[in-house]
Amino acid sequence: MSKIVVKIGSNVLTRPDGKPNITNMSALVDQVAHLYAKGHKIVLVSSGAVACGKSDVFVKKDLNPVESRQLYSAVGQIRLINLYAQFFNAYGIVAGQILTQKENFSSREAYLNQRGCMMTMLENGVIPIVNENDTVSLTELMFTDNDELSGLIAAMIDADVLIILSNIDGIFSGHPDDPGASLIPSISPEADLSQFIKVTKSKHGRGGMLTKYNIASKLAAEGVKVIIAKGDRRNVLVDLIEHPEDVPHTAFIPAVEGLSTVKRWIAHSGSFSKGRIFINKKASEVLLSDNIVSLLPIGAIGIEGEWEEGDIVSIYDEEKDKCIAIGKANLSSLEAGESLGKHGKKPLVHYDYLYIV
Ligand code: GLU
């Protein structure tokens, strides 16, 4: 029995003419219902709201990107969730909607609140269907795409595996259309294959293979297995879980020494950082060594920004150009500023809340 997060991309749920791909959706629900009946706990991260809404509304005047995202997602999300609810009902399964945004991941309190909601749903047999709340997300504070969101969710619920369903079988050793390129079946945590990734965006969604690769490598390094596979392959989900050798895919092998849940949260929180702490060379060396150390004020030479205890901060080197670590602040920026360079003070960031980048 495992905890599985399945990310379904807009391209899987949208036909070339922009209409919802009901066939793919019902086939995926069918497979999720099968896995659910076997006792697996499943969370869906589903894109497709914007794409779905586009085919439903005829706009009267040109819309800017924000207006169109808001309008189409408002219309498309209910369409999408209704279809899911209908399909799951046929199996006697109850699904629930979670619409979220970046702010819900930025403080430990908000994070645990959201985690609590999802855990309660899972404990009560409800399948959470997650999407970004595109109607209110501010452009500069949006998730890069739902691949990023699915990575955050997988880390949040301590998933055993994240399955990213796309319109391609996985990562290839060249351009997927090139006859010489072959599918890479598994990627170890140390490998850097970013040069193989085709940097094109998907047709209907925001994502692309490079973000998928980056999210997958990061999660695998934290101890979560990630699989990229083609969403409209017959029985893809069930096969990936029950006999993966039968289905083409790329698996990111998880590092043996995974991270604690709290460190996973911090690892994904760099973009919520409220401020920066600059540290001297010696402190950088100590942090980057294998020793278990907290960040002490004695090695800090400056700060930038304002934060409260518990907020996320980034730790930079002396030259101020390289982020070495991300952590949960143990002191407010005011207290941190007063203890800079001093001996015998409380740590700026405790080891348990420090993630080395
Ligand atoms: N949240 C967007 C939607 O439902 C999708 C974002 C993405 O393409 O990753 O349309």
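Residues numbered from 1 in each chain as written. Predicted model: local features only at pLDDT ≥ 70, side-chain atom pairs only at ≥ 80, totals over all residues. Heavy atoms only, no water.

Caption draft 1: Broad picture of the packing of helix H6 (residues 146-156) against helix H7 (residues 209-222). Direction vectors running N to C along H6 and H7 enclose 15°, while the axes themselves pass 9 Å from each other. Classed by the angle they form, the pair H6 and H7 counts as roughly parallel. Considering only the axes of H6 and H7, their crossing is right-handed. Counted together, Asp-147, Glu-148, Gly-151, Ala-154 and Ala-155 of H6 and Thr-211, Lys-212, Ile-215, Leu-219 and Glu-222 of H7 form the full contact between these two elements. A class-by-class count of the residues in the contact of H6 with H7 yields four nonpolar, two polar and four charged. (Axes fitted to C-alpha atoms, helices over the stretch in contact; angles between N-to-C directions. Helix = DSSP H or I, 4+ residues; strand = E, 2+ residues; numbered from the N terminus. Parallel < 35°, antiparallel > 145°, perpendicular 65-115°, else oblique. Left-handed = near helix turned anticlockwise from the far one by under 90°. Contact = heavy atoms within 4.5 Å. Nonpolar A, V, L, I, M, F, W, Y, C, P; charged D, E, K, R; others polar.)

Caption draft 2: Molecular detail of the nonpolar core. Grouped together as the largest cluster of nonpolar side chains are 48 residues, with contacts concentrated most on Val-5, Val-43, Phe-105, Ile-153, Ile-157, Ile-171 and Phe-252. Secondary structure elements with two or more residues in this core: strand S2 (41-46), helix H5 (108-123), strand S4 (126-132), H6, strand S5 (161-166), H7, strand S7 (225-230) and helix H9 (261-267). The dominant element in this core, judged by the number of residues it contributes, is H6, at six residues. Residues in contact with Ile-171, not counting those within four places in the same chain, are Ser-182, Leu-183, Ile-184, Ile-187, Ile-197, Met-209, Tyr-213, Ile-228, Thr-250 and Phe-252. Counting 35 residues, the second-largest nonpolar core is a separate cluster that includes Met-25, Ile-93, Ile-127 and Leu-237. (Core = buried A, V, L, I, M, F, W, Y, C linked by side-chain atoms within 4.5 Å. Buried < 20%, exposed > 50% of the residue type's maximum accessible area, 1.4 Å probe, protein only.)

Caption draft 3: Structural detail: the side chain of Asp-317. Its location among the elements puts Asp-317 in the loop between strand S11 (312-316) and strand S12 (323-329). One buried charge, Asp-317, has no salt-bridge partner; the nearest side chain with opposite charge is Lys-322, at 5.7 Å. A polar atom in the side chain of Asp-317 sits 3.2 Å from the backbone nitrogen of Asp-321. Look past the residues within four positions of Asp-317 in its chain and what remains in contact with it is Phe-278, Ile-279, Ser-284, Lys-322 and Ile-324. (Lys, Arg positive; Asp, Glu negative; His and termini not counted. Salt bridge = Lys/Arg side-chain N within 4 Å of Asp/Glu carboxyl O. Polar contact = N/O pair within 3.5 Å; in protein donor to acceptor, adjacent residues only side chain to side chain.)

Caption draft 4: Here's a closer look at the sheet that holds S4. Taken together, the eight strands give an open sheet; going across it, the order is S3-S4-S2-S1-S5-S7-S8-S6, and neighbouring strands pair in mixed fashion. Every interior strand has two partners, whereas the edge strands, strand S3 (94-100) and strand S6 (186-187), have only one. Strand direction decides the pairing type here: S2 and S4, joined by two bridges, are parallel. In the strand pairing of S4, Val-45 is matched with Val-130. This element, helix H4 (residues 65-89), spans strand S1 (3-8), S2, S3 and S4 of the sheet and lies at about 165° to S4. (Pairing = 2+ DSSP bridges.)

Caption draft 5: Representation of the sheet that holds S11 in the model. Pairing is mixed in the open sheet, where five strands are placed in the order S10-S9-S11-S12-S13. Unpaired on one side and paired on the other, strand S10 (300-305) and strand S13 (349-356) mark the two borders of the sheet. Taking each pair of neighbouring strands and ignoring which way they run, the sheet shows an average axis angle of 30°. In terms of strand pairing, S11 meets S12 through five bridges, oriented antiparallel.

Caption draft 6: Structural context of a negative patch on the surface. A surface patch of negative charge is lined by Glu-306, Glu-308, Glu-309, Glu-335 and Glu-338. Mapping Glu-338 onto the fold places it in helix H11 (residues 333-339). (Patch = residues over 30% accessible without salt bridge, like charges linked within 9 Å, V, L, I, M, F, W, Y side chains within 5 Å. Areas by Shrake-Rupley, 256 points an atom, 1.4 Å probe, with all protein chains shown as cover. Charge placed at Lys NZ, Arg CZ, Asp CG, Glu CD.)

Caption draft 7: Structural detail: H6. H6 sits mainly inside the fold: 11 of its 11 residues count as buried. Of the residues making up H6, those classed as buried are Asn-146, Asp-147, Glu-148, Leu-149, Ser-150, Gly-151, Leu-152, Ile-153, Ala-154, Ala-155 and Met-156. Where H6 begins, the capping side chain belongs to Asp-145, and its oxygen is found 2.8 Å from the backbone nitrogen of Asp-147. Once H6 finishes, Asp-158 follows within two positions and takes phi at roughly 60°, a positive value.

Caption draft 8: Quick look at the packing of aromatic side chains. Going through the model one piece at a time under the given rule, you end up with six aromatic pairs. Relative to Tyr-316, the ring of Phe-278 has its centre 6.2 Å away and its plane inclined at 65°; by these criteria the two rings are edge-to-face. Placement of Phe-278 in strand S9 (residues 275-279) and of Tyr-316 in strand S11 is noted, with a sequence separation of 38 residues between them. Aromatic rings pair up to connect Phe-105, Tyr-111, Phe-143 and Trp-265 into one cluster. (Phe/Tyr/Trp six-rings, centres within 6.5 Å; stacked < 30°, edge-to-face > 60°.)

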